[in-house]
Amino acid sequence: MKKIVSVFIIVFFTIGALAQTHYVSKKISTTGNEGWDYLSVDEINQHLFVSHGNSVNVIDLKTDKTIAVIPNTNGIHGIAIANDLNKAFITDGKDNAVTIINLTTFELIEKVAIEGQKPDAVLYDLFSHKVLTFNAKSKDATALDATTNKIIKTIALGGKPEFPATNTKGLIYVNIEDTNEIKTINATTLEVVNTWSIAPGEEPSGLALDLETNRLFSVCGNKLMIIVDATTGKILDKLPIGDGCDGVALDPEKKLIYSSNGEGTITVVKEQNANSFSVIETIPTQKGARTIAIDKSTHKLYLSSAEYGAKPEPTAENPKPRASIIPDSFVVLVIDTKVK
């Protein structure tokens, strides 16, 4: 009898989990007609920081209203939140600089010039109280003391870095896009201690880490998610995802991993345990929604996108032209869960 009851409970909860589906619950309109990159959630203050053109839009997630615009972040890419220091660190790709602002007043604290060229992704590591910018053009990382805002070191990476992740215990991982690798940085010594190939994954961009199972999830340009043991570098699995991925988010409570794909979908992967993974859902979003952020306290996902006009014909000067953005069409998509 006990066995029958146990089986019933397992089946009941399995069916219940599979019945949960994701959908676009709303679209939050914001001003501006330029491009975008990363988003970051300040869970404590319930604010969403959205890169957009040469500024950051700050959205209050309780009201869905823009409450601040942080200007002069020229060529913005990433935003790292440091709640314990009441700071946000913003990469200014065109200025080769980091803009540091107060998390509650949004006022400028300091703008720090760095030697690295075209800073892109950025990470705050609470363990070491360091901020690392990952510099696309110079193929290195710049480490700053997050308390003093002083530059500590430049770390050569031997390739174009994309998104990082921290294990919160002294190791920082980063995708290297043009060599199809993950590198591991010691957060104390700021030395590269491991380099792992993630072939057959190509052009890795987004990276997420499950701190409980110690599994890395790297989304790649050839429509694969590569799952790696963060201790050994061993590839454990590879799963199909949508086209045009640029970001990935992990919900540690639900054990779900979300790949945001520019084609207009999110691929949802379920982590059954440390060695078992499967694609369970494809969420329709909007074309261009390629970067993603998660609010782990509410389980909601956020993606930026806009409507596009016709793509120009290629020319010798511009062989790969981009379609223009339709004015006043920029939005943040909110992905929620419903139970069928």
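Residues numbered from 1 in each chain as written. Predicted model: local features only at pLDDT ≥ 70, side-chain atom pairs only at ≥ 80, totals over all residues. Heavy atoms only, no water.

Novice: Which residues make up the sheet that holds strand β8 (residues 97-102), and what values go with them?
Specialist: The antiparallel open sheet is built from four strands, whose spatial order is β6-β7-β8-β9. For this open sheet the edge positions go to β6 (76-82) and β9 (108-113), each flanked by a neighbour on one side alone. Strand after strand, the sheet turns through a mean of 20° between neighbouring axes, direction not considered. (Pairing = 2+ DSSP bridges. Helix = DSSP H or I, 4+ residues; strand = E, 2+ residues; numbered from the N terminus. Axes fitted to C-alpha atoms, helices over the stretch in contact; angles between N-to-C directions.)

Novice: Could you give an account of the side chain of Glu-162, naming the residues involved and the relevant values?
Specialist: Mapped onto the fold, Glu-162 is located in strand β14 (residues 161-166). The buried category is assigned to Glu-162, whose relative accessible area is 7%. One polar contact links Glu-162 to Lys-160, side chain to side chain, over a distance of 3.0 Å. If sequence neighbours within four positions are ignored, Glu-162 has contacts with Tyr-38, Ala-121, Phe-134, Val-174, Asn-175, Glu-177, Pro-204, Ser-205 and Asp-246. (Buried < 20%, exposed > 50% of the residue type's maximum accessible area, 1.4 Å probe, protein only. Polar contact = N/O pair within 3.5 Å; in protein donor to acceptor, adjacent residues only side chain to side chain. Contact = heavy atoms within 4.5 Å.)

Novice: Summarise the packing of aromatic side chains; cite the residues concerned and give the values.
Specialist: Enumeration according to the criterion identifies six aromatic pairs in this entry. Each ring, one from Trp-36 and one from Phe-330, has its centre 5.5 Å from the other, and the planes form 55°; the classification is tilted. With Trp-36 in the loop between β1 (20-29) and β2 (39-42) and Phe-330 in the loop between β27 (300-305) and β28 (331-339), the pair connects residues that are 294 residues apart, well separated along the chain. Side by side, Trp-36 and Phe-330 carry an identical accessibility label, which is buried. Here a set of aromatic residues connected by ring pairs shows up, and it is made of Trp-36, Tyr-308 and Phe-330. The positively charged end of Lys-338 is found above the aromatic ring belonging to Tyr-23, 5.0 Å away from the centroid. (Phe/Tyr/Trp six-rings, centres within 6.5 Å; stacked < 30°, edge-to-face > 60°. Lys NZ or Arg CZ within 6 Å of the ring centre and 35° of its normal.)

Novice: Kindly report on the pattern of salt bridges, identifying the contributing residues and their values.
Specialist: For the structure shown, the criterion picks out twelve salt bridges. Salt-bridge contacts for Asp-95 lead to Lys-111; the nearest nitrogen and oxygen are separated by 2.8 Å. With Asp-95 in the loop between β7 (87-92) and β8 and Lys-111 in strand β9, this residue pair connects regions lying 16 residues apart in the sequence. The class of Lys-111 is partly exposed, set by a relative accessible area of 34%. The salt bridge involving Lys-183 is made with Glu-181; its shortest N-O contact spans 4.0 Å. Comparing Lys-183 with Glu-181 shows no difference in burial state: the two are buried. Bridged by salt links that share partners, the residues Asp-92, Asp-95 and Lys-111 form one connected network. (Salt bridge = Lys/Arg side-chain N within 4 Å of Asp/Glu carboxyl O.)

Novice: Before we move on, can you summarise the sheet that holds strand β11 (residues 130-135) with the specific residues and values?
Specialist: Read across the sheet, four strands follow the order β10-β11-β12-β13 without closing on themselves; strand pairing throughout is antiparallel. Every other strand in the sheet has two partners, leaving β10 (119-125) and β13 (151-156) as the edge strands with one partner each. For this sheet, the mean angle separating the axes of adjacent strands, direction not counted, is 20°.

Novice: Can you tell me about the layout of surface pockets, naming the residues and giving the values?
Specialist: Taken as a whole, the largest pocket holds about 1400 Å³ of empty space. Lining the largest pocket are 36 residues; nearest its centre among them are Trp-36, Asp-246, Arg-290, Tyr-308 and Arg-322. Elements represented by at least two residues in the lining of the largest pocket include exactly β6 and β22 (245-251). For the lining of the largest pocket, the residue count by class is nine nonpolar, eleven polar and 16 charged. Roughly 1200 Å³ of volume is contained in the second largest pocket. Lining the second largest pocket are 40 residues, and of these Leu-123, Tyr-124, Phe-163, Thr-166 and Lys-296 lie nearest its centre. When contributions to the lining of the second largest pocket are tallied by element, the ones reaching two or more residues are β2, β6, β10, β14, β18 (204-210), β22 and β26 (292-295). Here the lining of the second largest pocket is composed, by residue class, of 26 nonpolar, seven polar and seven charged. (1 Å grid on protein atoms, 1.4 Å probe; cavity = no way out; pocket = protein on both sides within 12 Å on 5 of 7 lines; lining within 4 Å. Points joined across faces, edges and corners; volume = space filled by probe spheres on them. Nonpolar A, V, L, I, M, F, W, Y, C, P; charged D, E, K, R; others polar.)

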